[in-house]
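Residue strings, one per chain:
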Amino acid sequence: MKEYYIKKELNQYKELEKHTQLLDNYVITSTTNLEGIITNVSQAFCKISGYKKDELIGKSHNIIRSPEVEKTFFEELWNNLENNNTWQGDIKNLKKNGQVYWLNTIISSIIDENGNKIGYTSLRVDITDKKKLEEKNSELNSLKNTLSNAVHMANLGTWELDVPTKEFLCSDIFYNIFGIKIGSTINFEFLESLIYPEDLKKYKKSLNNCIEKKTHFKIEYRINKKGEVRKVLAYGYPLLRNNTIIKIVGVIQDITDITKMQEELEVAQRVSSLGHYHYNLNTSIYTCSKQVDKIFGIEEDAEKVYESWLSIIYKDDKERIEKYFQDSVQKKEKFDCEYRIVNFKTKEVKWVHALGEFSYDEKGNAITLYGTIQDITERKNYEDSLKQALYIFENTYDSILVTDENANIININNAFEKTTGYTLEEVKGLNPRILKSGFHDNNFYKKMWKEINEKGFWSGEIRNHRKSGIVYDELLTLTAIYDKNNQVSNYIGIFTDISKQKKQDRLLLQQARTSAIGEMIENIAHQWRQPLSVISTIATGIQLTMDFHEKEEVNKDELYKSLESINSNTQYLSKTIDDFRTFFKSDLEETKTFSFQTALSKVKDLTKDAYNDKFINIVEAVDRNEILIKGNMNLLIQSLINIFNNAKDVLAEKLDQKEEIRYFFITTEIKKDKVILYLKDNAGGISKNNVEKVFDPYFTTKHESIGTGLGLYMTRQIITEQLNGRIEFRNVNFIYENKNYTGAEFKITLKTNT
């Protein structure tokens, strides 16, 4: 009997041990002392935590505590245990390998036989999968709410088409987009009636492709919303069952306003030559707007990678820009630089200004670059022009002054300072009248400003004084600058100090006039030869008559006739002396209106005997109507005499040993307010190498004993500077009386005073 009970107790013990082992292996338990130090844990506790018993016993539960659980959570837990001796709740823990797990935990106080609290025991249940499911559901709900909010914020209408039954369902936003009463029955025929006829064909084609090829579609088309044209973007996706489409679902969005904004953006970018781009540093791929494509000269569907961008950068800028890009990435700075590119299509070199900002991942690595590209070629060219203009302004030999609209000086260049002696600080804000010499009267300035106001500019010679008081001559051009409203904003004066030139011209003129004295005396000698011969013959005849009729009475009528002839020829000689004196003593500054034909006649009178002596035939085709010129007639006479004498000498020299007839042609032509005088000979012209030198001072083709080379130079100076005309020279080939000739031709153009 005793053995029976022993055996029974042994079996009960084994059963208890078996249950204890089961509890130890599958029930997550632990005990602690009052300080929370672990005194025992089950194998199940070790298994879920990943720690061994000896790693847990003697430690607090902080070893498995998740840092995401707030400290206040455990403070409340211990307060609850002290007050109620028990606590139940969910705790988030960390395994030894760092993985998260959740335990539903019951903590109870351990009471001894005397009723004293000696520790705590806990019983736990693994609820990790449950928590993950809850979190997943929470994420799904959050995602669902986010998606719903996004749909509403984006004003996206959803729709669904049951392909077999043709039943169509849609959201309220869909109704609003089409302007249809919410809840109305909709079929596809009705929807198609709202689509613009021009877009209906491509709409049907997209839908049919979706059904036939089982692919999604995306299409933009216009609809008629209660008489208003709206543009929509529609997406459709097929749902398959056993490879058969059962439904097509999709979304639709009214993009009218977005499209308008995009169009306005494109216009703005086109006007400003500015486009935007987005570059992914991980894939080295960039996307950009149409304007960037246009600037780069590439197609919209062209490969757009880092290397293709580098390939269009101008060779001299490539290394600099590549280094700048890498430095910007490393230093995390904005991308802001100007560089040149070679347009892929036109091969034209363009300047661009690139701006961009980087975005970074959680590790601080740059992942994207978003920014703008602007074509600044025009600005760069303008800047270059300004630099060139500034360089010219500061370094040109001509003096320049700039005034405001009230003619007060705002800027001058270095040449102005050298010419006048005034610095910018001394003249800024002052009127240019500070340079007035007093030589010109008020009428001169009134005429000058009248011409500026009428024509926008004035050009001429003016006499001013330097800071030192010394008077100088300048050749001035004064121009009015107008703003976009056609109002004067500035005046620009450009002048050259011509004092030395004027002095030189006066000396050359004096030389030329002195040189011309010899030629004039020669002409006068020709003119005097015949009258003197007549006087001498008559005087000799009278003397012979007196001697022959010494004792007889002389015929008084014949004597008076002879004396009258002597007087007439004497008067002619006196007239030539007066012409000579008038020509060389006249005021060369005097200007008045005179007859062009009269001046030409005087020239012919002064040269005719010399021409007759050289057997030169003058051929005239001169307009007989009176032509009036304003200027100094004697200066014109002198200039023409130079040409006449030059032709005479050349004809005599070149045709001396030839039998050709010597010709000198005088022709006039009237064109509007101008008279054109052509003077040409048949002496064969001059060498091509010397054509450009004809009017150079001291240039001559004559022997040094014949000419000084000042005649034609002074002729040009007189025609252009004194008479405001124009003179040209060329070799010509022509026909006269059925014979070919070559010679030199002078063309003189003068403004008439009609």
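Residues numbered from 1 in each chain as written. Predicted model: local features only at pLDDT ≥ 70, side-chain atom pairs only at ≥ 80, totals over all residues. Heavy atoms only, no water.

Undergrad: Looking at this model, I keep getting lost on the overall build of the protein. Mind explaining?
TA: Of the regular secondary structure elements, the protein holds 21 helices and 27 strands. In the protein, 51% of the contacts between residues at least 6 apart in sequence involve partners at least 24 apart. Here the protein displays about 46,900 Å² of accessible surface, and carbon together with sulfur accounts for 50% of that area. (Helix = DSSP H or I, 4+ residues; strand = E, 2+ residues; numbered from the N terminus. Contact = heavy atoms within 4.5 Å. Areas by Shrake-Rupley, 256 points an atom, 1.4 Å probe, with all protein chains shown as cover.)

Undergrad: For this particular structure, what's the right way to read helix H20 (residues 633–654)?
TA: Side chains that are three or four residues apart share a direction in an α-helix, a result of its 3.6 residues per turn. Between its terminal C-alpha atoms H20 stretches 31 Å, which fits the 32 Å expected from 22 residues at 1.5 Å a residue. Burial analysis of H20 places 19 of its 22 residues in the buried class, the great majority of the element. (Expected span 1.5 Å × (residues − 1). Buried < 20%, exposed > 50% of the residue type's maximum accessible area, 1.4 Å probe, protein only.)

Undergrad: How should I be thinking about the pattern of salt bridges in this particular structure?
TA: Side-chain pairs of opposite charge can arise where the charged atoms are in close proximity. Under the defined criterion, the tally for this structure stands at 31 salt bridges. Between Arg 230 and Glu 228 there is a salt bridge, and its shortest N-O distance comes to 2.9 Å. When its relative accessible area of 14% is taken as the criterion, Arg 230 is described as buried. (Salt bridge = Lys/Arg side-chain N within 4 Å of Asp/Glu carboxyl O.)

Undergrad: Sorry, what's going on with unusual backbone geometry here?
TA: Most of the time, phi is negative for any residue but glycine, and the peptide bond is trans. A positive phi angle is found at Lys 226, which is not glycine, with a value near 55°. Mapped onto the elements of the fold, Lys 226 is located in the loop between strand E8 (217–225) and strand E9 (228–241). With relative accessibility at 74%, the residue Lys 226 sits in the exposed group. The residue Asn 243 is not glycine, and still its phi comes out positive at about 65°. Relative to the assigned elements, Asn 243 resides in the loop between E9 and strand E10 (244–254). According to the relative accessible area criterion, Asn 243 is exposed, its value standing at 56%.

Undergrad: What is the right way to look at the environment of Thr 396 in this model?
TA: Mapping Thr 396 onto the fold places it in the loop between helix H13 (377–395) and strand E16 (399–404). For the pair Thr 396 and Phe 416, spaced 20 residues apart in sequence, the C-alpha to C-alpha distance is 9.9 Å. Apart from the residues lying within four places of it in its own chain, the contact partners of Thr 396 are Tyr 391, Asn 413 and Ala 415. A distance of 3.4 Å separates a polar side-chain atom of Thr 396 from the backbone nitrogen of Asp 398. (Polar contact = N/O pair within 3.5 Å; in protein donor to acceptor, adjacent residues only side chain to side chain.)

Undergrad: When you look at the sheet that holds strand E4 (residues 100–111) in this model, what are you seeing that I'm missing?
TA: Hydrogen bonds between backbone groups are what pair the strands of a sheet, and the pairing can be parallel or antiparallel. Ordered by their spatial adjacency, five strands build an open sheet running E2-E1-E5-E4-E3, and the pairing between neighbours is antiparallel. Whereas interior strands pair on both sides, the edge strands pair on one side only; in this sheet they are strand E2 (38–41) and strand E3 (86–94). When strand polarity is set aside, the average angle formed by the axes of neighbouring strands in this sheet is 25°. Strand direction decides the pairing type here: E4 and strand E5 (residues 117–126), joined by nine bridges, are antiparallel. Opposite Thr 105, over in E5, you have Arg 124 as the bridge partner. (Pairing = 2+ DSSP bridges. Axes fitted to C-alpha atoms, helices over the stretch in contact; angles between N-to-C directions.)

Undergrad: Before we go on, may I ask you to explain the pairing of E2 in this structure?
TA: Residues in a regular strand project their side chains so that they alternate between the two faces of the sheet. By the bridge criterion, three bridges tie strand E1 (residues 28–33) to E2 in an arrangement that is antiparallel. The residue bridging Thr 32 from the neighbouring strand is Ile 38, located in E2. What sits between E1 and E2 in their antiparallel hairpin is a turn of four residues, with Gly 36 showing a positive phi close to 85°.

Undergrad: What is the right way to look at the packing of aromatic side chains in this model?
TA: Aromatic ring pairs are described here by two measures, namely the spacing of the ring centres and the angle between the planes. One pass over the full model with this rule turns up 33 aromatic pairs. Pairing Phe 174 with Phe 178 gives two aromatic rings, centres 4.8 Å apart and planes at 25°, and the pair type is stacked. Here Phe 174 pairs with Phe 178, and both are found in helix H6 (residues 172–178), just four residues apart, close to one helical turn. Each member of the pair, Phe 174 as well as Phe 178, is classed as buried. The ring of Trp 351 carries Lys 380 above its face, with NZ or CZ at 4.5 Å from the centroid. Over the ring of Phe 665 we find Lys 680; its NZ or CZ atom is 5.5 Å from the centre of that ring. (Phe/Tyr/Trp six-rings, centres within 6.5 Å; stacked < 30°, edge-to-face > 60°. Lys NZ or Arg CZ within 6 Å of the ring centre and 35° of its normal.)

Undergrad: I tried to follow the nonpolar core on my own but got confused; where do I start?
TA: Generally speaking, nonpolar side chains in soluble globular proteins are found buried as a group. In this structure, Phe 596, Leu 636, Phe 664 and Leu 750 are the most contacted members of the largest nonpolar core, which totals 40 residues. Of all the secondary structure elements, the ones that give two or more residues to this core are helix H19 (596–613), H20, strand E24 (662–671), strand E25 (674–681), helix H21 (711–722), strand E26 (726–736) and strand E27 (739–751). The contacts of Leu 636, once residues within four sequence positions are left out, are Phe 594, Phe 596, Ala 599, Ile 718, Ile 719, Leu 723 and Leu 750. (Core = buried A, V, L, I, M, F, W, Y, C linked by side-chain atoms within 4.5 Å.)

Undergrad: What should I look at first to understand the side chain of Arg 662 in this one?
TA: Following the sequence through the fold, Arg 662 ends up in strand E24. A polar side-chain atom of Arg 662 sits 2.6 Å from the main-chain carbonyl oxygen of Lys 614.

Undergrad: What exactly am I supposed to notice about the pairing of strand E11 (residues 274–280) here?
TA: Burial of the side chains of E11 is restricted to one face: Gly 275, Tyr 277 and Tyr 279 are buried, whereas none of Leu 274, His 276, His 278 and Asn 280 on the reverse face is. Where E11 and strand E15 (residues 366–375) come together, seven bridges link them in antiparallel fashion. Paired with Tyr 279 across the strands is Leu 369, a residue of E15. In terms of strand pairing, E11 meets strand E12 (residues 285–288) through four bridges, oriented antiparallel.

Undergrad: What is the right way to read the sheet that holds strand E22 (residues 616–621) from this model?
TA: In space, the five strands of this open sheet follow the order E22-E24-E25-E27-E26, with mixed pairing throughout. Edge positions in the sheet fall to E22 and E26, since each of these pairs with one other strand and no more. Direction aside, the axes of adjacent strands within the sheet are offset by 20° on average. The pairing of E24 with E25 spans eight bridges and is antiparallel. Across the sheet, residue Thr 667 finds its bridge partner in E25, namely Tyr 678. Strands E22, E24, E25 and E27 of the sheet are contacted by H19, whose axis makes an angle of about 180° with E24.

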